[in-house]
Amino acid sequence: MKTLPLEVSKPMVVKTKKSVWSKILSQKYLILMSFPFVIWVFVFSYIPIWGWTMAFQNFKPGLSFSQQEWVGLQNFKELFLDHDFYLVMRNTLAMSIMELVAGFLCPIVLAVLLHELKNKYFKRTVQTISYLPHFVSWVVVSGIVIQMLSTDGGVVNQLLMNLHVINKPIEFMGKENWFWSIVTTADVWKEVGWNTIIYLAAIAGIDPQLYEAAKVDGASRFRQIWHITIPGIRTTITILLILSIGNLINIGFEKQMLLGNPLVQSHSNVIQLYALNYGIGLGRYSFGTAVGIFNSVVSIILLFSANRIFKKTTGESVM
Amino acid sequence: MAKRRSALPTNTSDRIFDICNMAFMMIVVVVMLYPFLNVLAISFNTSLDTVKGGITIWPRDFTLENYKKILEYDTLLVGLKNSVLRTVLGTFLGVLCDSMIAYTLSRKDYKARKFVSTFLALTLFFSGGLVPGYMLVRDLQLMNTFWVYILPGMVSVFNIFIIRSFIDNLPISLQESAKLDGANDFVIYWRIILPLCKPVLATVALFIAVGQWNSWFDTYLYNSMSPSLTTLQYELVKILQNTNSTTNANAQSAENIANMVTPESIKMAVTIFVTVPVLVIYPFLQKYFMQGMTLGAVKD
C-alpha cells in the first residue's frame, strides 16, 4: 500500500496544479453515476428523519412548517402514560426475545448437522427444500399456518388427536396464550433453512485436517462438533448475535398483522402496529412519529451496548 | 475419498449418529414440504369434500374447478399484471442503480467515494419510521400511483455493499487496460464490470424480485383505494382475511366469492397461484445466491 503513492507521485503533482473543475470533469462519469442516487437516498432516507420534528409538534397536515404548533415532549409524555403502550412493549419484547433465542439457535444446530451428512446429494436436497419457505411471502405463510392449525381438518390437531394427546381440537388461532409461540414457530419454519447458509459457509472454511486428526485420536462426532465445528464458527455466531440484538425491537409487524385477529389482540399488538394504528389509522401523526423515534432510539442503544459487551468479553465486534 | 474414510475405524456410535442425523433430516424435509403439499392437494380438491377435512397430500376428489374459478376474478388478473410489472421493472431498475453506485464506490481514485459511502452506510442505522415515510410518500404525490412500488425501495444500501465487495475482488488489470484504450468510466462499468458481475447480480436480482413479488403492505397502505393498482399478494390478504371491504361492493370481487362459495379450496388455489412463480425460479439460482449471501456477510 505504501509504495503505490510514491510511484504515482509525479503525475499526482501535475494533477494538483489543475483546477478543481478539471478534476471534477475528469471524474464526471463517476459523479453522474453516483450523485443522482445520493439525492435519491437523501430524499427517501434522510428527509423522513427530518420528519422526526413532527413528534415535537402538534402536527396538522396542510400547514407549513413554521405554522405548526410546538408542544415539546407532550407526545412522549402521552406515550409513556398510555396503558396500552406497556402492553404493546410486553408483546414486542416477549416475541422478539423468543424469536432471538429460537431463530438464533435453530439455524446453528441445523447447519452443524447438515455439515455432518456424508451424502452430498442428500445434503443438497435437504438444503434446497429448507430454503423453500424463505421465498414465500408472509401472506402465504400466514394462510398456511392458519390452515395447518385449523380446528376442522388442520394437520396439527389431527396429529395430536391421533396420538391421543388431546380429546378435542385446540383452537390455536383463537386463544391468546398460543399466539407468541405460533408466531415464533412460523418464523423459525420460514427462516431456519435460509439462515444456515452463512454458517455453512463459515464451516466450509474450517481446515478438514482438523477433523482427520480428531478422528485419528478417536474423538466421537459430538466431540468433533464441540471442539472443532463450534469454535470454527464462533466469530460468525458472535457477529450475527450482535446484529440480531440490535434488531431486537424491530421485529416488524407483518406476521402479527397477518396472523393476528381480534380474539388475540391483547397478545398480538406490537409497537409498530401500535404506531401504524395511532399514527396513520387515527391520523395522530405526531404521536405515531414519537413511537417511531422511541423504537429507533431503543434499537440503536441495544446495538451499541451489545457491540460493546461482546467487544469486552470476546473481542469480537461489528463496528 | 472412500478409501481414506474406510481406513479410519468407524465405530458403532458414529453409525448411530449418522442414522439419527439422517432421520432428523427426513423430519426436517417433511416439516418443510408437508404444508405446501397439503395446500396443493386442497387446491385440487372439490370444495364440498374439503369441508369434511382429512385431506393430506393427495386430493380425495380431484377437480380443476377451483383454478377455473379464480381465473375468472377480475381483481386477481389486475393484481397479476401489477405484480409482474413491479417485479420486472423494480428488479431491473434496482439492479441497474445498485450496481452503478457500487462500481463508483469500488473505484479507489474516486474523490467523493468516502463521502458517498458514509452517506449511504448511515442509513443502515437510522430509519425515519413508519409515519414520516408515509408523510413523505404523500407529500411527493406518490399515493395511488404505480410508482410507489418502485421508487421508495429502488436503491438498497445492503445490495450496494454486496455488489461492491464482489467488484473489489475482481482483477483490476481489466479496468486499467480498458482505460488505456480510452474507454470512459461508464463504458468500463457497462462493458467490463457488469458482465463479470453476473453471479452477484443474479443474487441481488433474486432478492429484489422476491421482495417485490411478496410485498403487500405498500399496496395496503398507499394504494388500497385504487383497485386498478392492486397486487396479487394484497388480493390474497383480502381473500385470506375475508374482509368485506366497503369500497368494493362488486359481486365479482374475489373476496365476495370466497365468502359465498368454497372458502378453503379457493383460498388454497389462490395461495398456490401466488406462490408458484417464486418456487419455480429459485432452485435454478441457488448456486448464485449462496455465493452472494456469503460474500456480503462473511466479508464485512
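Residues numbered from 1 in each chain as written. Chains lettered and ligands numbered in written order. Predicted model: local features only at pLDDT ≥ 70, side-chain atom pairs only at ≥ 80, totals over all residues. Heavy atoms only, no water.

## A few points about the overall build of chain B
Each helix and strand in chain B was counted, giving 15 helices and zero strands. Counting over 300 residues, chain B shows a buried share of 50%. A fraction of 68% describes how many contacts in chain B between residues 6 or more apart in sequence connect residues 24 or more apart. (Helix = DSSP H or I, 4+ residues; strand = E, 2+ residues; numbered from the N terminus. Buried < 20%, exposed > 50% of the residue type's maximum accessible area, 1.4 Å probe, protein only. Contact = heavy atoms within 4.5 Å.)

## Description of unusual backbone geometry
All names here are of chain B. The phi dihedral of Gln141 falls on the positive side, at around 60 degrees, and the residue is not glycine. As for its placement among the helices and strands, Gln141 is situated in the loop between α7 (130–139) and α8 (157–168). A positive phi angle is found at Asn144, which is not glycine, with a value near 60 degrees. With respect to the secondary-structure elements, Asn144 resides in the loop between α7 and α8.

## Topic: the state of the cysteines
Under the definition given, this model contains zero disulfides over all chains. No disulfide involves Cys20 of chain B; its sulfur sits 18 Å from that of Cys106 of chain A, the nearest cysteine. With a relative accessible area of 49%, Cys20 of chain B lands in the partly exposed category. Unpaired in terms of disulfides, Cys97 of chain B finds its nearest cysteine sulfur in Cys197 of chain B, a separation of 15 Å. (Disulfide = S-S within 2.5 Å.)

## Side note on the interface of chain B and chain A
On the chain A side, the residues contacting the 92 residues of chain B number 83 residues. For the chain B and chain A pair, buried surface summed over both sides reaches about 8100 Å², with 77% attributable to carbon and sulfur atoms. Contact with chain A buries area across many residues of chain B, yet Phe17, Met32 and Phe119 of chain B alone supply 8% of it, more than any other trio. Taken together, chain B and chain A are joined by two salt bridges. On inspection of chain B and its partner chain A, the count reaches 16 residue pairs in polar contact (both at pLDDT 80 or more). Take the side of chain B that touches chain A: its biggest share by element is 19 residues, from helix α2 (residues 12–43) of chain B. A per-class count over the side of chain B that touches chain A returns 64 nonpolar, 18 polar and ten charged. (Buried area = accessible area lost by both parts, 1.4 Å probe. Salt bridge = Lys/Arg side-chain N within 4 Å of Asp/Glu carboxyl O. Polar contact = N/O pair within 3.5 Å; in protein donor to acceptor, adjacent residues only side chain to side chain. Nonpolar A, V, L, I, M, F, W, Y, C, P; charged D, E, K, R; others polar.)

## Considerations on the packing of helix α8 (residues 138–148) of chain A against helix α10 (residues 176–204) of chain A
Residue and element names in this part refer to chain A. Running from amino to carboxyl end, α8 crosses α10 at an angle of 120 degrees, the nearest separation of the two axes being 11 Å. One element, α8, and the other, α10, form an angle in the oblique class. Here the hand of the crossing between α8 and α10 comes out right-handed. Seen from α8, the contacting residues are Trp138, Val141 and Val145; seen from α10, they are Ile182, Ala186, Asp187, Trp189 and Lys190. (Axes fitted to C-alpha atoms, helices over the stretch in contact; angles between N-to-C directions. Parallel < 35°, antiparallel > 145°, perpendicular 65-115°, else oblique. Left-handed = near helix turned anticlockwise from the far one by under 90°.)

## A word on the side chain of Asn38 of chain B
Inspection of the secondary structure assignment puts Asn38 of chain B in helix α2. Given the relative accessible area of 2%, Asn38 of chain B is considered buried. Side-chain polar atoms of Asn38 of chain B contact the backbone oxygen of Ile55 of chain B, separated by 3.0 Å. Look past the residues within four positions of Asn38 of chain B in its chain and what remains in contact with it is Gln147 and Met148 of chain A together with Ile55, Thr56 and Ile57 of chain B.

## Observations regarding the pattern of salt bridges
This model, assessed by the stated rule, comprises 15 salt bridges over all chains. For Lys118 of chain A, the salt bridge identified is with Asp18 of chain B, shortest N-O distance 2.8 Å. You can see Lys118 of chain A sitting in the loop between α6 (83–116) and α7 (120–131) and its partner Asp18 of chain B sitting in helix α2, one on each of two chains. Overall, Asp18 of chain B belongs to the buried group, its relative accessible area being 18%. Lys179 of chain B is the salt-bridge partner of Asp185 of chain B, the closest N and O atoms lying 3.4 Å from each other. The class for Asp185 of chain B is buried, based on a relative accessible area of 4%. On the accessibility criterion, Lys179 of chain B (40% relative accessible area) is partly exposed. It is possible to trace a salt-bridge network through shared partners that takes in Glu116, Lys118 and Arg221 of chain A together with Asp18 of chain B.

## Things to note about helix α12 (residues 221–232) of chain A
If you check which residues of α12 of chain A are buried, you get Arg221, Gln224, Ile225, Ile228 and Thr229 of chain A. Taken end-on, α12 of chain A shows its buried residues confined to a sector of 120 degrees, consistent with a single buried face. Residues Phe222, Arg223, Trp226 and His227 of chain A are exposed on α12 of chain A and point more than 90 degrees away from its buried face. Packing partners of the buried residues in α12 of chain A comprise α6, α10 and α11 (208–216) of chain A together with α2 of chain B. (Arc of directions from axis to C-beta.)

## Overview of the domain arrangement of chain A
Residues and elements named next belong to chain A. Assigned domains within chain A: domain 1 (3–72) and domain 2 (76–313). Taking only C-alpha atoms, the centre of domain 1 and the centre of domain 2 are 37 Å apart. Taken together, the two surfaces of domain 1 and domain 2 that pack against each other cover about 650 Å², and 77% of this comes from carbon and sulfur. Considering only the side of domain 1, the residues that lose the most area to domain 2 are Trp52, Met54 and Ala55, jointly responsible for 65% of the buried surface there. At the boundary of domain 1 and domain 2, one finds zero salt bridges. (Domains from an automatic or database assignment.)

## So, the packing of aromatic side chains
Under the defined criterion, the tally for this structure stands at 38 aromatic pairs over all chains. Their ring planes at 85 degrees and their centres at 5.2 Å tell us that Phe222 of chain A and Phe17 of chain B sit as a pair that is edge-to-face. Linking Phe222 of chain A in helix α12 with Phe17 of chain B in helix α2, this pair reaches from one chain into another. The exposure class assigned to Phe17 of chain B is buried, which follows from its relative accessible area of 8%. Each ring, one from Phe253 of chain A and one from Phe217 of chain B, has its centre 4.7 Å from the other, and the planes form 65 degrees; the classification is edge-to-face. Residue Phe253 of chain A is located in the loop between α13 (234–246) and α14 (254–259), and its partner Phe217 of chain B is located in helix α12 (residues 217–222); the two belong to separate chains. Counting every residue linked through ring pairs, the aromatic cluster contains Phe80, Phe85, Tyr86, Tyr274, Tyr278, Phe287 and Phe294 of chain A. (Phe/Tyr/Trp six-rings, centres within 6.5 Å; stacked < 30°, edge-to-face > 60°.)

## Concerning a nonpolar patch on the surface
Taken together, the side chains of Phe304 of chain A together with Leu122, Leu124, Phe125, Phe126 and Phe158 of chain B present a nonpolar region at the surface, about 570 Å² in accessible area. Along the chain, Phe126 of chain B turns up in the loop between α6 (113–122) and α7. (Patch = residues over 30% accessible without salt bridge, like charges linked within 9 Å, V, L, I, M, F, W, Y side chains within 5 Å. Areas by Shrake-Rupley, 256 points an atom, 1.4 Å probe, with all protein chains shown as cover.)

## Re the environment of Gly153 of chain A
Along the chain, the position of Gly153 of chain A falls in the loop between α8 and α9 (155–162). Separated by 45 residues in the primary sequence, Gly153 of chain A and Ile198 of chain A have C-alpha atoms spaced 37 Å apart. When residues no more than four places from it in sequence are discounted, the contact partners of Gly153 of chain A are Gln158 of chain A together with Gly53 and Gly54 of chain B.

## Re the domain arrangement of chain B
Residue and element names in this part refer to chain B. What the domain assignment lists for chain B is domain 1 (2–63) and domain 2 (66–299). Each side of the interface is counted separately: domain 1 has eleven residues, and domain 2 has eleven residues. Summing both sides of the interface, domain 1 and domain 2 together bury roughly 800 Å²; the carbon and sulfur share of this comes to 71%. Considering only the side of domain 1, the residues that lose the most area to domain 2 are Val39, Ser43 and Ser47, jointly responsible for 52% of the buried surface there. Applying the counting rule to domain 1 against domain 2 returns zero salt bridges.

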